[in-house]
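Survey of secondary and tertiary structure
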Protein chains: 2
Amino acid sequence: EDVDNQKASLKESDDPFANAPKRHPALMVNQAKPFNAETPLAIITDSFLTPSDLFFVRSHLPIPDIDPAAYELEVGGVGCQDITLSLEDLKKLPKHTVVSALQCGGNRRLEMKTRKNLKGLDWRGGAIGNAEWSGARLVDVLAAAGFSEDKSPEARHVIFEGLDTDPANSPFGASIPIEKGADPRGDVLLAYEMNGEPLSRDHGYPIRVVVPGVIGARNVKWLGRIEVAEVESDSHWQQNDYKGFNPSINWDNVDFSKSEAIQDMPVTSSIASCKTDPETGDLLLSGYAWSGGGRKILRVDLTPDGGKTWTEAHTLVQDKARHPRHWGWTLWEGRV
Amino acid sequence: EDVDNQKASLKESDDPFANAPKRHPALMVNQAKPFNAETPLAIITDSFLTPSDLFFVRSHLPIPDIDPAAYELEVGGVGCQDITLSLEDLKKLPKHTVVSALQCGGNRRLEMKTRKNLKGLDWRGGAIGNAEWSGARLVDVLAAAGFSEDKSPEARHVIFEGLDTDPANSPFGASIPIEKGADPRGDVLLAYEMNGEPLSRDHGYPIRVVVPGVIGARNVKWLGRIEVAEVESDSHWQQNDYKGFNPSINWDNVDFSKSEAIQDMPVTSSIASCKTDPETGDLLLSGYAWSGGGRKILRVDLTPDGGKTWTEAHTLVQDKARHPRHWGWTLWEGRV
Ligand SMILES: [Mo]
Ligand SMILES: [Mo]
């Protein structure tokens, strides 16, 4: 028995994905290693704030297991002194809370695949969720490092590095434009809470970046380093993934260097459930709608006949934040 | 002869539109009184900055004739002391310059009319232009009146009143959300120059508001008063015009109170010219593209076959301003 246990333990330690947290059984798993799973559409509109354990998980590398007492965040780069902040240091900065949806760049790819041959995980419509995030503001952390946009006009990007690493020990990385990172109205957070609780390991414990309105891939989890720079992150995910192209580009002719990294996400609206009203025969629909860039949803239009006639969703559930800092999603209900 | 002259002069003085400035003969006139005219598509892409005398004119009321020495701008409302600024006072504030396109909310309506029965002026694609605007920043003028967003969280809108009036002596009016008006990155100007010259009468002499990225109707000309308020402008043009609706709303069932006033304009891209390359038979296309909200155009996609295949415009001409403060239009050229 001991020998068997030892063997199992040896085998596990060879697998960088072995030390994974427990997940909610209702999550729909698209990939086991690295772990990628989404919220089922059948329950996605059940609550305005998505429960953290049902919130989609997008990971590119093994999930790190970080000792909060040993955690350190490095900050440096253009216009910054090099500083190191502990978790306690971050919690001493003013605590800022935003309701923000977070969406994977590949959300709804399974629907897109009905129109075009695409590579990538088969996300249905559940690679989006909405949460209340709390933490320190990126602008306050940059100020703590002495950074000021006025004094460093050559600063162009804020690079984030995760503590998750690939087999060659390279971390996950991404960047956002300085126009977003240094704007107090951009609401970029170094979050330590999700829905009022400490982040779970799957969602970036102890610190993740929340870049409201911006593609999930820039919302770096297990944040290890922030660097202000004249150039974007040189990571694979910034340079050779998560970009947009004209519809005739495919994997044979794509040149990633010719296209800009996706930041703000475009508008999306998805039907999550559809029932028939037994009395009237009407279709009763519900779903979510969201736009990146802080743009508030004003209306959800529904058509039962391919666009000949339209009606408005009768109910919109939204956060009170005002446009253009309306980062949360809109749940809607309608009848056609 | 004297009697005839007197008669003519009396008759003219009855016509509030009589004292109108001279206009460039190339402008395409959609309405004589009030004067509404657009840039011909055949020349709209000839220069990145649209010459002021060829820039579309949208007026709702007679064009005022303002003595610059007597000009006064009133500023007041929530969180403001009442102040009055002369043209010289405004010119003493820091001079700020932005390149910004300006587009009428009705631009391209003639194209839309091929799909739906619509009311309104038959604008082709020329009710848009691009200019370099210089003037005082709205945030500096609000600060001069003592306004600070932090001290007045109840402030919600900035109302603008023109010095142009209807027969009942009501001025043209509009408002923008405080989130745009009080944001230094919003670049809202009280402009006194267009393309390096004083504004012409048709474009708002001596002062017009330029609200980059926002529908033309809020860019109030001949500015007479600024008021910070808890409510929007109660003008006809803010309340009962320039709103968006779902496609099944028409003039018989519209309820303007149910819809929000348009602010940021959506993306548009228009083909302005199309020639055949005599050597290859290719179509050589040019046009403009623009998005409101400071969103920079990254790409213009062209299709010769109704969407089966796509190619990118090979040339984009743009201002150097960075997203999301890229207010100018993009001129493009392509070949399909
Ligand atoms: Mo993603
Ligand atoms: Mo307009």
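Rules used throughout
Residues numbered from 1 in each chain as written. Chains lettered and ligands numbered in written order. Predicted model: local features only at pLDDT ≥ 70, side-chain atom pairs only at ≥ 80, totals over all residues. Heavy atoms only, no water. Salt bridge = Lys/Arg side-chain N within 4 Å of Asp/Glu carboxyl O. Phe/Tyr/Trp six-rings, centres within 6.5 Å; stacked < 30°, edge-to-face > 60°. Helix = DSSP H or I, 4+ residues; strand = E, 2+ residues; numbered from the N terminus. Buried < 20%, exposed > 50% of the residue type's maximum accessible area, 1.4 Å probe, protein only. Contact = heavy atoms within 4.5 Å. Buried area = accessible area lost by both parts, 1.4 Å probe. Polar contact = N/O pair within 3.5 Å; in protein donor to acceptor, adjacent residues only side chain to side chain. Nonpolar A, V, L, I, M, F, W, Y, C, P; charged D, E, K, R; others polar. Pairing = 2+ DSSP bridges. Least-squares fit on C-alpha atoms with pLDDT ≥ 70 in both. Axes fitted to C-alpha atoms, helices over the stretch in contact; angles between N-to-C directions.

What follows covers the pattern of salt bridges. Where charged atoms from two side chains of opposite charge come close, those side chains can pair. Residues and elements named next belong to chain A. Following the criterion strictly, the structure yields 37 salt bridges over all chains and no others. Asp122 is paired through a salt bridge with Lys113; the nearest N and O atoms lie 2.4 Å apart. By sharing partners, the salt bridges in this structure join Glu74, Arg225 and Glu227 into a single network.

One pair of aromatic rings is described through two measures. These are the centre distance and the angle between the planes. Counted according to the given criterion, the structure contains 14 aromatic pairs over all chains. On the numbers, 5.5 Å between centres and 20° between planes, the contact of Phe55(B) with Phe56(B) is stacked. Ring geometry for Tyr288(B) against Trp329(B): centres 5.7 Å apart, planes inclined by 15°, an arrangement best described as stacked. Placement of Tyr288(B) in strand 15 (residues 283–290) and of Trp329(B) in the loop between strand 18 (315–317) and strand 19 (330–335) is noted, with a sequence separation of 41 residues between them. Side by side, Tyr288(B) and Trp329(B) carry an identical accessibility label, which is buried. An aromatic cluster of at least three residues, connected via ring pairs, comprises Phe55(A), Phe56(A), Trp123(A) and Trp133(A).

If you look at the interface, chain B gives 25 residues, while chain A gives 26 residues. Buried area between chain B and chain A, both sides added, is near 2,100 Å², and the carbon and sulfur share of it is 42%. At the junction of chain B with chain A, the criterion picks out 6 salt bridges. Of the charged contacts in the structure, one is a salt bridge between Glu149(B) and Arg185(A), with a shortest N-O distance of 2.9 Å. Counting the contacts that link chain B with chain A gives 12 residue pairs in polar contact (both at pLDDT 80 or more). When the residues that make up the side of chain B that touches chain A are grouped by side-chain class, the tally is 7 nonpolar, 6 polar and 12 charged.

So, about the pairing of strand 6 (residues 96–103) of chain B. Residue and element names in this part refer to chain B. With 6 of its 8 residues buried, strand 6 lies for the most part within the structure. Note that strand 6 and strand 7 (residues 128–137) share 8 bridges and pair antiparallel. Paired with Thr97 across the strands is Ser134, a residue of strand 7.

On to the relation of the copies chain B and chain A. The operation relating chain B to chain A is a screw motion whose rotation component is 180°, with 0.0 Å of axial translation and a residual RMSD of 0.0 Å. The symmetry that links the two subunits is that of a two-fold axis.

Residues and elements named next belong to chain A. Taken together, 5 strands build an open sheet; the order of strands is 5-4-13-8-9 and the sheet is mixed. Each of the sheet's edge strands pairs with one partner strand only, and the pair in question is strand 5 (83–85) and strand 9 (171–177). Shown here is a sheet whose adjacent strand axes are inclined to one another by a mean of 20°, direction ignored. Bridge count for strand 4 (residues 73–77) against strand 13 (residues 223–229) is 4 bridges, and the pairing is parallel. Bridged to Gly76 within strand 13 is Glu227.

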